[in-house]
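Given next are the chains, with one letter for each unit.
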Amino acid sequence: MEIKLTQQENITTAHLIGRLDTPASQEISQNMDELQAAAAKTLILDCSELEYISSSGLRIFLTLRKTAASKGGKIIIKSISPVIRQVFMMTGFLNLFEIQG
Amino acid sequence: MTERHLLLQNDIRQIPQLADFVETIAQESNLDQSMAMTLNLALEEAVTNVIMYAYPKGSQGLVDLEAIVRKDSLVFILSDSGKPFDPTSAPEADISLDVEDRPIGGLGIYMVMNIMDKVEYRRENDRNILTMTKKI
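**Overview of the packing of aromatic side chains**
We describe a pair of aromatic rings using the distance from one ring centre to the other and the angle between the two ring planes.
Residue and element names in this part refer to chain A.
Moving on, step 1. Inspection of the entire model under this criterion finds 5 aromatic pairs over all chains.
Moving on, step 2. Judged by centre distance (5.8 Å) and plane angle (85°), the ring pair of F88 and F93 falls under edge-to-face. For the pair formed by F88 and F93, the shared burial category is buried.
Moving on, step 3. An aromatic cluster of at least three residues, connected via ring pairs, comprises F61, F88, F93 and F97.

**Let's talk about the interface of chain A and chain B**
Moving on, step 1. The partner chain B presents 30 residues to the 26 residues of chain A that form the contact.
Moving on, step 2. Between chain A and chain B, a total of about 2300 Å² is buried, with carbon and sulfur atoms accounting for 65% of that surface.
Moving on, step 3. Across the chain A-chain B interface, the total number found is 0 salt bridges.
Moving on, step 4. Of all the secondary-structure elements, those providing two or more residues to the side of chain A that touches chain B are α1 (22–29), β3 (42–53), α3 (55–71) and α4 (82–90) of chain A.

**Overview of the sheet that holds strand β1 (residues 2–8) of chain A**
Residues and elements named next belong to chain A.
Moving on, step 1. Here 5 strands make up an open sheet; going across it, the order is β1-β2-β3-β4-β5 and the pairing mixed. Edge strands, defined here as strands with exactly one partner in the open sheet, are β1 and β5 (98–100). For this sheet, the mean inter-axis angle between neighbouring strands, taken without regard to orientation, is 25°.
Moving on, step 2. The sheet contact formed by β1 and strand β2 (residues 11–20) spans 7 bridges and is antiparallel. Note that in β2 the partner of Q8 across the bridge is I11.
Moving on, step 3. Strands in contact with α3 are β2, β3 and β4 (74–78); relative to β3, the strand with the most contacts, it is inclined by about 170°.

**Remarks on the nonpolar core**
Moving on, step 1. F61 of chain A together with F76 and M132 of chain B are the most contacted members of the largest nonpolar core, which totals 72 residues.
Moving on, step 2. Per element, the largest residue contribution to this core is 11 residues, and it comes from helix α2 (residues 33–53) of chain B.
Moving on, step 3. Sequence-distant contacts of F76 of chain B, defined by excluding residues within four places in its chain, comprise I25, L39, L43, L65, E66, A67, M116, L130, T131 and M132 of chain B.

**A look at the pairing of strand β4 (residues 118–124) of chain B**
Residues and elements named next belong to chain B.
Moving on, step 1. Pairing geometry for β4 and strand β5 (residues 127–135), over 7 bridges, is antiparallel. Across the sheet, E120 pairs through a bridge with T131, a residue of β5.
Moving on, step 2. Counting the residues in the hairpin turn of β4 and β5 gives 2 residues, including N125, whose phi is positive at 50°.

**Re the pattern of salt bridges**
Moving on, step 1. In the structure shown here, the tally under the stated rule is 4 salt bridges over all chains.
Moving on, step 2. Between R122 of chain B and E124 of chain B there is a salt bridge, with its nearest N and O atoms 2.7 Å apart.

Thresholds applied
Residues numbered from 1 in each chain as written. Chains lettered and ligands numbered in written order. Predicted model: local features only at pLDDT ≥ 70, side-chain atom pairs only at ≥ 80, totals over all residues. Heavy atoms only, no water. Phe/Tyr/Trp six-rings, centres within 6.5 Å; stacked < 30°, edge-to-face > 60°. Buried < 20%, exposed > 50% of the residue type's maximum accessible area, 1.4 Å probe, protein only. Contact = heavy atoms within 4.5 Å. Buried area = accessible area lost by both parts, 1.4 Å probe. Salt bridge = Lys/Arg side-chain N within 4 Å of Asp/Glu carboxyl O. Helix = DSSP H or I, 4+ residues; strand = E, 2+ residues; numbered from the N terminus. Pairing = 2+ DSSP bridges. Axes fitted to C-alpha atoms, helices over the stretch in contact; angles between N-to-C directions. Core = buried A, V, L, I, M, F, W, Y, C linked by side-chain atoms within 4.5 Å.

Right under this line is the structure:
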């Protein structure tokens, strides 16, 4: 699992690459400062190369979404695959996020 | 009918081995990508629960997963010798809550129950035995 961050003015794009399984999510959640700071502004989560997400990965998404809600930021989820969309649907996450493409 | 067996330590870094195990079964049974992914997800959630909570912190324990592959169904029997825990009686997550009220946890078991067609728990000989059936 790899996350590539790019910044353009106030918008941060996090390109998620690989499998966001439990061990990957645990590693990321220990080092979330940059993502959390971005979530307080505008954070695009580019999921075009995200192959898999477990509930621990969803927890990261939700944590960022809560930060955005409390700090006046914005999260946009971009390009989720049909299988990951299915997980979002099953868990009610489709209603919690702005999803593009 | 074929049987497959996976034995893991209670170490979260072993999860990729589970993914390989599910992938092998998915290929053998010609499952489509969506079915393979959700199956992997349900099993990862169930196994993660055992790895994280069944045994006292810092102690070693085993997580045993047996798969029975039939033409029309897959049966997964997950067992451990940790403390008694019945996931089928855990309170159901409320997925209709808004961002502010939505708790961070509780989704794992919800997904297991949602993805599998049948989930049964029993405690036998000091072991937790969770039997999960998926029609294919």
